[in-house]
Every structure is written in structure tokens, then in C-alpha cells.
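Residue strings, one per chain:
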Amino acid sequence: MIRINAIVLAAAIAGIAHLARPASIDHHHRRWPLASADQHGEQLPNLAYSSPYVGFPHLAIARPHVPDTVKASSQVAVKQAAPGGAFQHGVASGDPTSSAVVLWTKISPANASANNDIPIPVHVAISPDANFSEAAGTGTSNTSGAVDWTIKFDIGGLEADTVYYYQFFALDSESPIGMTRTLPAAGANVDSVKFAIVSCATYWHGYFHGYRAIAEQADVSYVIHLGDYIYEYKLEDYPPVGPRLPDRDLQPAATIITLADYRLRHAQYKTDLDLQEMHRLKPMIAVWDHEFADNAWWGGAPQHDPEKFGPWSNRREAAARAWWEYLPTRPVNATPAEGDAGLFRIYRAFEFGNLASLILLDTRMVGRDKQMSGRDKTRSLLGDAQRKWFFDELRSTRVKWKLIGNQVMFSPKPDSIAGFDVNLLSDDWNGYPMEQQQLLEHMDKNSIQDVILLTGDFHTSLISNVFYNKTRREPGVSSFVEFIGPSITSKTPTFDDEGLARVAEPVFHRFNPGLKSVNFVQHGFMVATVDARQAAVEYHYVEDIKRTDGGKSNLNSTWVVASGSQKITGGPVV
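What counts and how
- Residues numbered from 1 in each chain as written.
- Predicted model: local features only at pLDDT ≥ 70, side-chain atom pairs only at ≥ 80, totals over all residues.
- Heavy atoms only, no water.
- Salt bridge = Lys/Arg side-chain N within 4 Å of Asp/Glu carboxyl O.
- Helix = DSSP H or I, 4+ residues; strand = E, 2+ residues; numbered from the N terminus.
- Buried < 20%, exposed > 50% of the residue type's maximum accessible area, 1.4 Å probe, protein only.
- Polar contact = N/O pair within 3.5 Å; in protein donor to acceptor, adjacent residues only side chain to side chain.
- Contact = heavy atoms within 4.5 Å.
- Pairing = 2+ DSSP bridges.
- Axes fitted to C-alpha atoms, helices over the stretch in contact; angles between N-to-C directions.
- Parallel < 35°, antiparallel > 145°, perpendicular 65-115°, else oblique.
- Left-handed = near helix turned anticlockwise from the far one by under 90°.
- Nonpolar A, V, L, I, M, F, W, Y, C, P; charged D, E, K, R; others polar.

If you check an unreviewed UniProt entry, the protein chain appears there as PhoD-like phosphatase-domain-containing protein from Catenaria anguillulae PL171.

Structure, rendered in C-alpha cells:
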């Protein structure tokens, strides 16, 4: 992690002191004159080059070096931005800690393909003041076409539980001003914390109104993304409900397979103005899911034909590399041990003082056996290393609330038809009952309480108490609560149809005695607020994802879990 020490900070403040400051600030743009490179602070690594590819030598990229950083601006040949500007993909922040945050952007130089190997310096400034009258630090690094012109700074030395403002400079241009926030200090007394929880955004299924609505909620401090940030399909393989939206054509139009494909799809998503605004104002903590392929596992995916698409390992590594380049994430292991490939380890934890821990799992890739492979008693969703880490986190954390960020459904549902496994039904925890049972047993044995499972993937709003093995517990005793969030745009299992939803609902109630509510129709996001007394989860839905003017969002219901109860104790409050 990069620390901006006292000497560097002093130099940064001295440099910024020479910059002109207007009397008022536009929080979207703020022009700083970039007259001399010596105002741009410390030379910092660009994480897009160095991490997490150390576990895969054939993916390693030499970070370009511009000799004499002080003179870098005058030595770089490429000085002009592409038509449309230098920062067409916005800015983002993520993976905050109590003292650091990752800052991301992508630049768009003129004639990018012709200048693919030419490094371009990018400068960043960060301040606790929206007018940048006080500097927390400045820095410079280089990017190039080798990482698709992305750049990620890991800025350390920050104050805990503090809002910061940041801005990038490159190609004689300045980016929009972003806003981010650090986490509370370890063990600090925290009254409450509020998250937005999102998943499943199919670009061509609708407009990302939910992202814009989150950006407009000033009291939401952090965004948790539970996967399906992008989708790999071509339109014909996953068509939208209703007519095709004329301004949501895909790039590329085909199923994405290569590194260039995955980069282009990520870049297209990043041009969406609603997504940009959420990223600009809220730090994101993310995991992946469909970012590889539909219902993938470590060794393949149902729709991946090696004869047509080439080796699965090549596609898997390309997808992971593009995800790391385009998301504001920090590698878990800078130097992973043999067998613990840094490229694929995304399971990690974040603590919010003494109040809550966010434990993020990877139930999609690392450690996952193929669906329907072997018998129920043997196939694994997490793998040995992740399962041990997860169970240790649950047992050892001393915070009150344990929030588990998880891609796939845990609550009971059908996982077979007439006794036969079906891939579509067995992709979630129900298809891996050995580990499903092991988790419940682990929580019972260690008296682990106040657990909330936050889930994506299912494109459905579902609220359920989760019971431990009913032969060992009296009916009505719950181990924890699962909240499954609606999709941002991806069509629901009932194709957004109210009639089909009415048919599906009683089926799910029959299989799940803990089910409190299910909504197979609407799209939106969840907002969770936790304090010492309770966790409250709100379901927000947008008016119409098919209309550009359908972005009005409404609070549909609120569900409450009282501390110590392990079950829904209030709701729905409408």
C-alpha cells in the first residue's frame, strides 16, 4: 500500500498552494492549471500494471517508465485527448479502508491504437475539502494501451471515517471531481452505517436508473456490488423483455471471449452516465459473478465450447484481468503463495469500527466445482482455502453485525426435477448442500449471531429467515436472515411478468418455510442501515427501466432484524 508520508504531504500542499482557486466550486468540474509537472507530487504505482498478475507470470506487464517525472509532461509525445474528451469513462473509488482508498479512471488519448505503447502520465489530487484548499496528497503515475489506458492509485495515509474529494489530470484536461469516504478506525465506536446493495445490470435490458438513484441518496456511504457488473452474452442469447432499446446496442456485438472483448464491454458500461454518477459519488466494494460467463465454475461454463471459443483458462484469465483493470479494487494478496493465485482471489473482509464486518465471498470462481458434478456430499462451492478463511472470519470477528456479501441464493428452493439435477437450479448453495449444511453447523457450534446474508444473482427481491437443520431445531428457530436484491435491469425469472410471478410465488413458499416475501417483477436496489439495535433493509424500485424518463425511485418496503433475534422482527414497513 502506498503511503503519502509527511514529507510528501508537505510537498503536495506546497505545490497545490501555487494553484489558482476560484471563489466557488463546481462539484463536477474544477479547473486546475497544469503548468508544471513538479506540482503533481509523488510517483506512485499504477495497480493496473502490477496486480494481481504476479501469480500468473505470462500475464505480467512491465510498467512503463517516463524518465525524470518532473519533466514527464514535456517528454510524452501524446498530449491530446480523443474527440469527446480525456475522461469519457468517468472516475471511481473503491475498497476503502480506515486509511486508504483505491482511485480509478481511464483516459482516452487521440490516436490511441497508434500510440498503444507510449506511456502517458496521469496526475491525481485528493483533499478533505471540496474546494481543495487543503491537500491530503498528490501523485503521478503512467498508463498505456497495455492496460487499456486504465489507472488505479492506492492512496494511503488518510484519516479514518472521512469524506475526501479527488480529481485526475491528463492530456491537458481535468476529470470530474469524485467523492469518496474512508472506513471508521478498527474498534471505533460507530453509531450506524448505511450501504446500497446492487447487482445484475444487463446493459441492453434497460437503463441504469437504480445507479442514479443511489448517487442521489446523500446518506448512503458505500455501495456493495454483488456481481453481474457486466454480462458476456450477445443480445440474441439473452434478449430483453419487450422491444429492443435502440440506444443500448452492445460492444462488441458478439459473445465476449478475448481480453479485447472483455475490455470493450467494460468500457461501454463505463460510458453510462448513471453508472458514472454513482461511481463518482460513492466508493464501491465489489465481487464478480457473470463477469466470466453464465453459471461458470473454475473449469468451464455451460455455454463455453472450447472448440469454438478456445481454452476456457484463456477466457477465464482474460475476464479476470479486465475486471481488475476496470474496477476500483485492491488485490488481496500482493505476493500470493503457490496455489493461491492472486488473480482469482477476491474474497476479503472490511470492518466498520466495532459495529459491522462485511465479509465478501467468491461463490462463482475460485474453489467452485462444476454444478451437478459428483454427489451432493462431495462437490464444493467455496473450496477448502476459502471455506477455512470464511469460517475463521465468522468465528474470530468481534464486531456486532456480520454482513456476508454473496453472489448466489442460500435459502431453500428446488434444486432438481424428479430427482435429477438441473444446472439452472443447482448453481446456487442449494446445489452444494454439503457446504450449506457445514455453514449452518459452524454458526450453531460457535454461537455466531447477528448474521445478515446479502445476495445478488437471482434478479428477484426475496426476504427469508434461514433455518438450521429442522430435525435438530424446533420449527421457527432461525440461524440468520437472507436478503436477495432485485436486479438493476436484468430480466427476472418470470420475465418481469406479473401473471407468471403469481404462479411462481406459491412454489417458492412451499419449498421455503422461512420465506417472508418475494417479488419477481420490479427492478432496483437495496439499502441497509445497521446500528447497535437492529439492521434495517429497504427495497427501492425504479419506475420503468425501459424509458429514459422512468428513473423515479420509490421505497417499497423496509424489513427489520433486531440484534440477537436471528430472524425478521419487523416488516414489511411500507
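What follows deals with the pattern of salt bridges. For the structure on display, the rule yields 23 salt bridges. The closest approach of N and O atoms between Arg248 and Asp272, which form a salt bridge, is 2.9 Å. Pair noted here: Arg248 is in the loop between β11 (222-225) and α5 (259-270) and Asp272 is in the loop between α5 and α6 (273-281), with a separation of 24 residues, a long-range link. Neither residue differs from the other here; Arg248 and Asp272 are each classed as buried.

Time to look at the side chain of His459. Summarising the element assignment, His459 is placed in the loop between β18 (451-455) and β19 (461-467). A polar side-chain atom of His459 sits 3.1 Å from a polar atom in the side chain of Tyr231. A distance of 2.9 Å separates a polar atom in the side chain of His459 from the backbone oxygen of Lys491. In this structure, His459 is in contact with Cys200, Asp228, Tyr231, Tyr238, Gly485, Ser487, Ser490, Lys491, Thr492 and Pro493, ignoring residues within four places of it in sequence.

The next thing to look at is the sheet that holds strand β14 (residues 356-360). Read from one edge of the open sheet, 7 strands run β13-β14-β15-β18-β20-β19-β21, paired in mixed fashion. Strand pairing shows two members of the sheet lacking a second neighbour, β13 (348-352) and β21 (515-519), which therefore form its edges. The average undirected angle you get between the axes of adjacent strands in this sheet is 20°. Across 5 bridges, β14 lies against strand β15 (residues 401-406) in parallel orientation. From the neighbouring strand, Leu358 faces β15, where its bridge partner is Leu403. Helix α9 (residues 384-396) contacts β13, β14, β15 and β18 of the sheet and is inclined by roughly 175° relative to β14. The sheet strands contacting helix α11 (residues 433-445) are β18, β19 and β20 (478-484), and the helix crosses β20 at an angle near 130°.

α11 packs onto α9 with a crossing angle of 25° between their chain directions and a minimal axis gap of 11 Å. Classified by the angle between their axes, α9 and α11 sit roughly parallel to one another. Note on packing geometry: the crossing formed by α9 with α11 is right-handed. Two secondary-structure elements touch here, α9 through Arg387, Phe390, Phe391, Leu394 and Arg395 and α11 through Glu435, Gln438, Leu439 and His442. Classifying every residue of the contact of α9 with α11 gives 4 nonpolar, 2 polar and 3 charged.

One can describe the packing of α5 onto helix α8 (residues 312-326) by two numbers: an axis separation of 8 Å at closest approach and a directional angle of 30°. Judged by the sense of rotation from one axis to the other, the crossing of α5 with α8 is right-handed. Packed against α5, whose contacting residues are Leu259, Tyr262, Arg263, His266, Ala267 and Lys270, the element α8 presents Arg315, Ala318, Ala319, Arg321, Ala322, Trp323, Glu325 and Tyr326 at the interface. A class-by-class count of the residues in the contact of α5 with α8 yields 8 nonpolar, 1 polar and 5 charged.

Let us now look at the environment of Val481. Relative to the elements of secondary structure, Val481 occurs in strand β20. Once the C-alpha coordinates of Val481 and Val561 are considered, the two residues, 80 residues apart in sequence, prove to be 7.8 Å apart. Not counting the four nearest positions on each side in its chain, Val481 is found in contact with Val451, Ile452, Leu453, Ser464, Asn465, Val561, Gln566, Lys567 and Ile568.

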